[in-house]
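Results of the structural survey
Residue strings, one per chain:
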Amino acid sequence: MRNKEVSQKFYELASLAELAGENPFKVNAYVKAARAIEYLPTPIEDLARENRLTEIKGIGSGIAKKIVQYLETGKIEKLEEFKKKVPPSLLEMEKISGIGPKGAYALYKHLGITTVEELKEAALNGKIRSLPGFGAKKEENILKAIQGLRKKKVEKRVSIGIGLPLAEAIVEFLKKNSPIEKIQVCGSIRRMKEKIGDIDILATSEKPEEVMARFIEVPMIKDIVVKGETKTSILTNEGLQVDLRVVEPSSFGAAIQYFTGSKQHNIKLRELAIKSGYKINEYGVFEVKTERKIGGEKEEDVYNALGLPWIPPEMREDRGEVEAAMTNDLPNLVELFDIKGDIHMHTTYSDGANTLEEMVKRAMELGYEYIVVSDHAKALGVASGLTLDEYKRQKREIDELNEKFGDKIRIFFGAELNILSDGRVDFPEEELEIFDICLAGIHTALTQPMKKIMERLKKAMRIKKIKIIAHPTGRVIGEREGYEVDLEELLEEAKNTGTILEINANPKRLDLNDMNAMHAKKTYGLKFVIGTDAHSREGLDDMKYGIGVARRAWLTRADIINTLPLKEFEKFIREE
DNA sequence: GCCGTTTTCGGCCCGACTGTTTTCAGTCG
């Protein structure tokens, strides 16, 4: 599947075209095409072969030709032309806050600047201030930016696992200490993106000035970026920007909709609005002719004005959700309370921080009907994993606890096996019979070539007792890409063997990710489990992140095995 | 360059902010 690669080429084409001053609508057409390819569930090369490229929305004859040309020759003529016109290194300069395509091109044309290094030199020598459209202030800002003081937001994204708790803590602080009425976290956190660039919080209040004054007293503040009457931005100790805006109650819903995004989703809505004679902005929905406001107090108003049902935030990425809403085909997304049990966790038997009983008690507090305890197995060289004897000891404690808690919760005896470098797992297949269910995952020999990795995964999936592949691609966000995996082959084999793929809810993993899970359902009809992989009591609370991924993948309750009530989950375990 | 239950030509999201200007272009989200 070369979708990502082809999509990247069109993003590049768009950026260079923009630099070269190409018609902005044409540039946008390239971006739209790049996005369409990026989110395409099927391999673009298949569509190209079948001459069906123009069936994709946003791809017409011109771009289709370029795709074919790229697939056949590895080059796009138009892209090469642009590269001759403008040095591609100018794109690096656009990463500096305050410099866009026009600025980068002007710097190149008038001063011959092509790199950030040359830009710094020119700024230090005071050469930039004399350029038309530039001035002393801009020159100063450029220098600041280069010295890392004003990076663009995309450059410093953090995990949702950091962003969400931080946002919640700030909301709690404001609720307690300032005169707010309503408050809502928006932006990419509300959409549950795996990485977020900033925190957007909206509130209503009779006394906005006082809210602003209290906001800058929040304990995790490092710096104030701007402080106004209704909008204040701060920098937290983690270097994350938090924007707080206070809006009129009559615009609260429209503002929530606007600041939740995504940008592409909002553009889609506004295009739709125009066609129906409406205008949408952060203040509300307006009839163009009369300028009459027809809604905005509630978020639903914005969607309902366009004849659409409310769309869940996790879906708002312009991946077809607006079209689905138009035909009333929005899926009924899985919810946190649909989850009846956690199927992936560790205890002090292996490398967990809490005892078996402590984990069970927390699971009961969460209202689960059952859990699968899945401590690591002792493969050669794997630290703190269990031997078969140790597992048997754990089994006895599980039996005791099942006895003790009766029908309050059911504890299943599981294991997270290691898929070893030769595709075997820790124990021979017949020894696995003692377990109720096994997960298996790759934890070692991550750097093997793809062919070898796939052999290992497939071998494991064919073992009957192994019903779940844990964290299927092995990525750890911000640390490593994951091992080389042929996703199509993996999904195909999962389908053939009836293996369930995990959506690992640990915010550092979130693996499968939203795009892959969506594809796995759409193209292969696969089912999933969501497991926290908890190594402590608190880890069990990560389920919400897995739910976020599932909802971003458009999954419903029926797609997730651990939404099944106990009886049916048990049946699933017993199935051959 | 794409697209069409007002269309095959003439549109293509919207507003705020900044820094440069004297009415606005560029950038950003």
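Above this text is the structure in question.
All figures in this text were calculated on a predicted structure; none of them were measured in a lab.

Once that is clear, we can look at the packing of helix 1 (residues 3-19) against helix 4 (residues 61-73). Working note: a packed helix pair is described by the angle between its axes plus the distance between those axes. At a minimum axis separation of 11 Å, helix 1 and helix 4 run at an interaxial angle of 120°. Classed by the angle they form, the pair helix 1 and helix 4 counts as oblique. Along this stretch, helix 1 crosses helix 4, giving a crossing that reads as right-handed. Residue-level contacts link E5, V6, K9, F10 and L13 of helix 1 to I63, K66, I67, Y70 and L71 of helix 4. The class makeup of the residues in the contact of helix 1 with helix 4 is seven nonpolar, no polar and three charged.

Next up on the list: the protein's contact with DNA strand B. In the neighbourhood of DNA strand B, 43 residues make up the surrounding shell, with G58, G60, G100, G135 and R270 lying closest. Those atoms of DNA strand B that come within 4 Å of the protein belong to sugar or phosphate at a rate of 71%. K102 has a polar backbone atom sitting 3.2 Å from a phosphate oxygen of DNA strand B. Contact distances for DNA strand B include 2.6 Å between a base nitrogen and a side-chain N or O atom of Y258. Where the surface near DNA strand B is concerned, the elements lending two or more residues are helix 2 (24-38), helix 4, helix 7 (101-111), helix 9 (136-146), helix 14 (263-275) and strand 8 (278-281). Per element, the largest residue contribution to the surface near DNA strand B is six residues, and it comes from helix 14. A breakdown of the residues in the surface near DNA strand B according to their chemical character gives 16 nonpolar, 13 polar and 14 charged.

Quick look at the packing of aromatic side chains now. One pass over the full model with this rule turns up 10 aromatic pairs. The interplanar angle of 70° and the centroid separation of 6.2 Å between the aromatic rings of Y370 and F412 together place this pair among those described as edge-to-face. One end of the pair, Y370, is in strand 12 (residues 370-376); the other, F412, is in strand 13 (residues 410-418), with 42 residues separating them in the sequence. You can call Y370 buried: its relative accessible area is 0%. F412 gets classed as buried once you look at its relative accessible area, which sits at 0%. Positioned above the aromatic ring of F134 is the side chain of K138, whose terminal nitrogen or guanidinium carbon lies 5.4 Å from the ring centre. Lying across the ring of F572, K467 places its NZ or CZ 5.6 Å from the centre.

Pairing within the open sheet is antiparallel, and its three strands lie in the order 8-9-10. The sheet terminates laterally at strand 8 and strand 10 (293-295), the two strands that pair on one side only. The sheet shows a mean angle of 35° between the axes of neighbouring strands, direction not considered. Sheet topology note: the strand 8/strand 9 (residues 284-287) ladder contains four bridges and is antiparallel. Among the inter-strand pairings, I280 is bridged to a residue of strand 9, identified as V285.

Attention shifts here to the sheet that holds strand 13. The strand order across the open sheet formed by seven strands is 11-12-13-14-15-16-17, and the pairing between neighbours is parallel. Edge strands, defined here as strands with exactly one partner in the open sheet, are strand 11 (341-342) and strand 17 (528-531). One ladder, built from seven bridges, connects strand 12 with strand 13; its direction is parallel. Paired with H376 across the bridge in strand 13 is E416. Here helix 18 (residues 388-405) sits on the sheet and contacts strand 12 and strand 13; the angle it forms with strand 13, its principal contact strand, is near 160°.

With that settled, consider the side chain of R552. With respect to the element layout, R552 can be found in helix 22 (residues 543-552). Given the relative accessible area of 4%, R552 is considered buried. Only 2.9 Å separates the side chain of R552 from the backbone oxygen of R191, close enough to count as a polar contact.

Next up on the list: the packing of helix 8 (residues 116-124) against helix 9. It is the contact of helix 8 with helix 9, at a shortest axis distance of 10 Å, that shows an interaxial angle of 135°. The pairing of helix 8 with helix 9 is recorded here as oblique in orientation. As helix 8 packs across helix 9, the resulting crossing turns out to be left-handed. Every residue of helix 9 that contacts helix 8 at V116, L119, K120, A122, A123 and L124 is listed here: E139, I142, L143 and I146. In terms of residue class, the contact of helix 8 with helix 9 is built from eight nonpolar, no polar and two charged.

Analysis parameters
- Residues numbered from 1 in each chain as written.
- Chains lettered and ligands numbered in written order.
- Predicted model: local features only at pLDDT ≥ 70, side-chain atom pairs only at ≥ 80, totals over all residues.
- Heavy atoms only, no water.
- Axes fitted to C-alpha atoms, helices over the stretch in contact; angles between N-to-C directions.
- Helix = DSSP H or I, 4+ residues; strand = E, 2+ residues; numbered from the N terminus.
- Parallel < 35°, antiparallel > 145°, perpendicular 65-115°, else oblique.
- Left-handed = near helix turned anticlockwise from the far one by under 90°.
- Contact = heavy atoms within 4.5 Å.
- Nonpolar A, V, L, I, M, F, W, Y, C, P; charged D, E, K, R; others polar.
- Near = heavy atom within 4 Å.
- Polar contact = N/O pair within 3.5 Å; in protein donor to acceptor, adjacent residues only side chain to side chain.
- Phe/Tyr/Trp six-rings, centres within 6.5 Å; stacked < 30°, edge-to-face > 60°.
- Buried < 20%, exposed > 50% of the residue type's maximum accessible area, 1.4 Å probe, protein only.
- Lys NZ or Arg CZ within 6 Å of the ring centre and 35° of its normal.
- Pairing = 2+ DSSP bridges.

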